[in-house]
Structure formats: C-alpha cells, structure tokens
Amino acid sequence: MGVPITFIDKYSPEQFEVLGITDRDCPMRTKTYTKDDTSSYSDLNRRAAIRTPNGYKGTYARLLIRKKM
C-alpha cells in the first residue's frame, strides 16, 4: 500500500513493514516514461504517476508498506 511520508510519524514496526519509496531509482518501478508519453517525462520518472484524461500527472512521494501477518 502507498501511504504519505507523514505516515512515518505513526509508524509501528510491530504492525507494518516498510518496503520502499516511490522516488527516483525505486526498484519497484513498473514503467519508465519517454518523450513519446509526455513532454514532462523526466518529472514523471522521479516519482509515481497516474494517468488522467488529460495525460499523465506526477504524484507526491509515497512510502510502500505491508501489514505484518
């Protein structure tokens, strides 16, 4: 699950495991954007992005967490 970075203030290591962050060089990246996708492709490659009816939009960095079993 992706949560805001402010989650770290409430982070409980017994309850959640931090997997990574949606920022540059994140090994969990699913797509690398190019000039063919959008003119702001380098900005989109810095963080996670969502597709909107008007194109792609960058999002704020998110922590990737998983609930411990």
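I will try to describe carefully the structure that is included in this document.

## Structural notes on the packing of aromatic side chains
All told, the structure shown has two aromatic pairs when counted by the stated rule. Plain terms: the ring middles of Phe 7 and Phe 16 are 5.5 Å apart, the flat faces sit at 85° to each other, and that makes the pair edge-to-face. Accessibility classification places Phe 7 together with Phe 16 in one group, the buried group. Each member of the aromatic cluster is reached from another via a ring pair, and the members are Phe 7, Tyr 11 and Phe 16.

## Overview of the pattern of salt bridges
Applying the stated rule across the entire model yields one salt bridge. Arg 66 is the partner of Glu 17 in a salt bridge, and the nearest nitrogen-oxygen pair spans 3.2 Å. Of this pair, Glu 17 sits in strand 2 (residues 16-21) while Arg 66 sits in strand 5 (residues 62-67), and the two are 49 residues apart along the sequence.

## Some points on the sheet that holds strand 1 (residues 2-4)
With antiparallel pairing, the three strands of this open sheet are ordered in space as 1-5-2. One side of each edge strand has no neighbouring strand; the edge strands of this open sheet are strand 1 and strand 2. Ignoring which end each strand starts from, the neighbouring axes of this sheet average 45° apart. Of the strand pairs in this sheet, strand 2 and strand 5 are connected by five bridges, and their pairing is antiparallel. Across the sheet, the residue bridging to Glu 17 is Arg 66, located in strand 5.

## Details of the nonpolar core
Val 3, Phe 7, Phe 16, Leu 63 and Ile 65 together form the largest nonpolar core, which totals five residues. Among residues more than four places away in sequence, those in contact with Phe 16 are Phe 7, Tyr 11, Ile 65, Arg 66, Lys 67 and Lys 68.

## Some thoughts on the pairing of strand 4 (residues 55-58)
Note that strand 3 (residues 49-52) and strand 4 share four bridges and pair antiparallel. Within the sheet, the bridge partner assigned to Ala 49 lies in strand 4 and is Gly 58. Turn length for the strand 3-strand 4 hairpin, with the two strands adjacent in sequence and antiparallel, is two residues.

What counts, and at which threshold
- Residues numbered from 1 in each chain as written.
- Predicted model: local features only at pLDDT ≥ 70, side-chain atom pairs only at ≥ 80, totals over all residues.
- Heavy atoms only, no water.
- Phe/Tyr/Trp six-rings, centres within 6.5 Å; stacked < 30°, edge-to-face > 60°.
- Buried < 20%, exposed > 50% of the residue type's maximum accessible area, 1.4 Å probe, protein only.
- Salt bridge = Lys/Arg side-chain N within 4 Å of Asp/Glu carboxyl O.
- Helix = DSSP H or I, 4+ residues; strand = E, 2+ residues; numbered from the N terminus.
- Pairing = 2+ DSSP bridges.
- Axes fitted to C-alpha atoms, helices over the stretch in contact; angles between N-to-C directions.
- Core = buried A, V, L, I, M, F, W, Y, C linked by side-chain atoms within 4.5 Å.
- Contact = heavy atoms within 4.5 Å.

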